[in-house]
Amino acid sequence: IPVDPFDLVIFGGTGDLAKRKIIPGLYRRFVAGQMPEDARIIGAARSELDNDGYRDFARKAIEKYVHAKNHDKDKVRDFLKCLSYFRIDALGQDGWKDLAKIIRKDVVQAFYFSVGPRLFGELAKRLHKYKIAGPDSRIVVEKPFGHDLESAKALNAELAEYFDETQIYRIDHYLGKETVQNLMAVRFANILFEPLWNSQYIDHIQITVSETVGVSGRGGYYDKSGAMRDMVQNHLMQLLCLIAMEPPAHFDPDSVRDEKLKVIRALDPVPAEDIVRGQYRAEGDQPSYIEDAENPDSRTESFLAMKVHIANWRWNGTPFYLRTGKRLRARKSEIAVVFKEPPHSIFEPQEGRRCNELIIHLQPNEGMDLRVTIKEPGPGGMRLMDVALDMSFAEALGEDAEDITDAYERLIMDVIRGNQTLFMRGDEVEAAWAWVDPIIQGWIDRGDRPKPYDAGSSGPEDALMLMHREGRRWREIT
Ligand code: NAD
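Residues numbered from 1 in each chain as written. Predicted model: local features only at pLDDT ≥ 70, side-chain atom pairs only at ≥ 80, totals over all residues. Heavy atoms only, no water.

Novice: Describe the site of the ligand, and please don't skip the residues or the numbers.
Specialist: In the vicinity of the ligand, 21 residues are found, and the nearest of them are Thr14, Asp16, Arg20, Ala90 and Val115. Measuring from an oxygen atom of the ligand, one finds a backbone N or O atom of Lys143 at 2.8 Å. At three residues, the largest contribution of residues to the shell around the ligand is made by helix α1 (residues 16-31). Partitioning the shell around the ligand into residue classes produces eight nonpolar, seven polar and six charged. (Near = heavy atom within 4 Å. Polar contact = N/O pair within 3.5 Å; in protein donor to acceptor, adjacent residues only side chain to side chain. Helix = DSSP H or I, 4+ residues; strand = E, 2+ residues; numbered from the N terminus. Nonpolar A, V, L, I, M, F, W, Y, C, P; charged D, E, K, R; others polar.)

Novice: If you had to explain helix α7 (residues 178-188) to someone new, which residues and values would you point to?
Specialist: For α7, the set of buried residues is Thr179, Val180, Leu183, Met184, Val186 and Arg187. Projection of α7 onto a plane perpendicular to its axis shows the buried side chains occupying an angular sector of 165°, all on one side. (Buried < 20%, exposed > 50% of the residue type's maximum accessible area, 1.4 Å probe, protein only. Arc of directions from axis to C-beta.)

Novice: Residue-level account of the UniProt feature "binding site: substrate" (unreviewed entry) in the chain, with values.
Specialist: Mapped onto the present numbering, the UniProt feature "binding site: substrate" (unreviewed entry) falls on His173, Lys177, Glu211, Asp230 and Lys326. Mapped onto the elements of the fold, His173 is located in the loop between β6 (168-170) and α7. Apart from the residues lying within four places of it in its own chain, the contact partners of His173 are His235, Ala407, Tyr408 and Leu411. Secondary-structure assignment places Glu211 in the loop between β7 (202-210) and α8 (219-223). Classification of Glu211 by relative accessible area gives buried; the value is 19%. (UniProt positions renumbered as here; feature names shortened; annotations may be inferred. Contact = heavy atoms within 4.5 Å.)

Novice: Run through helix α5 (residues 120-129), naming residues and quoting values.
Specialist: Within α5 the residues assigned to the buried category are Phe120, Gly121, Leu123, Ala124, Arg126 and Leu127. On the buried face of α5, the contacting elements are β1 (6-11), α4 (96-102), β4 (108-113), β5 (138-141) and α6 (149-162). Backbone geometry just after α5 places Lys131 at a positive phi near 55°.

Novice: Requested: an account of the pairing of β1, with residues and values cited.
Specialist: Along β1, six of the six residues are buried, which leaves the element largely enclosed by surrounding structure. Note: β1 against β4, six bridges, orientation parallel. Paired with Asp7 across the two strands is Gln109, which belongs to β4. As judged from the five bridges shared by β1 and strand β2 (residues 40-45), these two strands associate in the parallel manner. Opposite Phe11, over in β2, you have Ala44 as the bridge partner. After leaving β1, the chain enters α1 and then returns to the sheet as β2, a path that is right-handed. (Pairing = 2+ DSSP bridges. Right-handed = clockwise from strand over helix to strand, strands pointing away.)

Novice: Quick one: what's the story with the packing of α7 against helix α9 (residues 226-244), residue by residue and with numbers?
Specialist: In a pair of packed helices, the angle between the axes and the distance between the axes together describe the arrangement. Relative orientation of the contacting elements α7 and α9 amounts to 15°, with a least axis distance of 10 Å. As the angle between them shows, α7 and α9 are arranged roughly parallel. Seen from above, α7 lies across α9 with right-handed handedness. Contacts from Val180, Leu183, Met184 and Arg187 in α7 reach Leu239, Leu242, Ile243 and Ala244 in α9. Split into classes, the residues belonging to the contact of α7 with α9 amount to seven nonpolar, no polar and one charged. (Axes fitted to C-alpha atoms, helices over the stretch in contact; angles between N-to-C directions. Parallel < 35°, antiparallel > 145°, perpendicular 65-115°, else oblique. Left-handed = near helix turned anticlockwise from the far one by under 90°.)

Novice: Got a sec to walk through the sheet that holds β6? Specific residues and values, please.
Specialist: Judged by pairing direction, the sheet is parallel, and its six strands sit side by side in the order β3-β2-β1-β4-β5-β6 without closing on themselves. In the strand order of this sheet, the two ends are held by β3 (83-87) and β6, each with one partner. Across this sheet, the average inter-strand angle for adjacent strands is 20°, counted without regard to direction. Together, β1, β2, β3 and β4 form the strand contacts of α1, whose direction differs from that of β1 by roughly 170°.

Novice: Describe in detail the side chain of Asp172, supporting the description with residues and values.
Specialist: Assignment of secondary structure puts Asp172 in the loop between β6 and α7. We note that Asp172 is buried and unpaired, the nearest opposite charge coming from Lys143 at a distance of 7.3 Å. Side chain to side chain, Asp172 and His235 meet in a polar contact 2.6 Å long. The residues touching Asp172, leaving out its near neighbours within four places in the chain, are Asn234, His235, Gln238, Leu411 and Met424. (Lys, Arg positive; Asp, Glu negative; His and termini not counted. Salt bridge = Lys/Arg side-chain N within 4 Å of Asp/Glu carboxyl O.)

Structure (structure tokens):
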């Protein structure tokens, strides 16, 4: 079903994110018949380009980032007709009056802030000053949303001067993943899981987001941020919320976000012994973190593992282990819900047997599998084995995983539809910073130094111990 006609302005329309995600995503929605014919996409950035130059930029982005089987010359040509370009300066007055003239008042207006965070407030101010945005317009704000609680509050206040909360779409692309939404369906549309979804039946939950890349090329930015700010405060925290939240009364934006907020507010402070920070070492001709960051004294973590406790009735006694890092063994994002052993076993104890686990795969391939124990087939006696009930989408859909709607395109379509469910509310972001800030301050006060770890490993040895000391173990990063 096509969305309503819209004008979408991409500030930072010539940037990396526009090239890799936003333009290819919009093209795929166009091919899927979801973009109405008179939709308009307006790139706006500092570069000296004309409309043809921008279409050329977009065509190359599609060729590079959209699966070849979706390259249809006619479709690409028709899509490019929707595109135009305006040169504007987010810090000055250039281009704004011209932009104001062309934005239609009788269609959905969306403004995507795909620029550095220091420009968010500047764009909001100018959209207001030049009367480009109205009370129904929407703004999409990229990460990072603040650097700490104070800056996040300041940014929220700045945006609130010009836009109502219902107009602000703070994007966290993890929330746009098919599996993340499926997690809500699995939890709240089945009777099977929810009765077990508490500390009586769940031993612990692991959330892992591992990357193989280092920070080379963006070391300067990353060194001021680190894994806690770059990954945990937003992506891992959002996943944690969806796993841990109470069933909302309705599937509407504020009901869902109210429940997520309650989870963040119930997070206990994390003691120093429950956190392991790491920095990757050099490996062959690959530089170390210190070299990538060009800061020999850097104490910024490129790896973080922590044990988190949610202080409420449902989760008392069930730890959540979070782990994320760069230059690890494999690129993988997953959530593992590890259930307890049955209270009494009637079978012989058996080496290597696992408990029931629900694994939610987010990256590289999306899907879920549920590990259950059955009898090993054959006449070999009553031996047990673990099997996975595979719910991988690629198989279910009979297509390759490339075809699953990318998170960005889903989220952009939600903006046009005016659905904020999968976007972070201002109070959620502030609550997350309020939890993160004292942890970071503790590292500074103690002069904490990250532990070195080998590139291509699963992180520092101490991170393994975080689980081992309690008789648990991380799932392999493979
Ligand atoms: P980029 O540096 O590649 O692009 C920046 C864009 O902003 C360019 O189009 C540039 O022309 C424009 N710009 C810069 N200064 C301007 C000014 N004064 N006036 C008008 N336009 C100006 O950055 P990016 O990687 O595309 O990232 C954009 C935003 O998205 C950032 O907030 C970033 O943190 C976020 N983000 C990026 C990625 C990614 O994969 N690239 C992922 C997640 C979030």
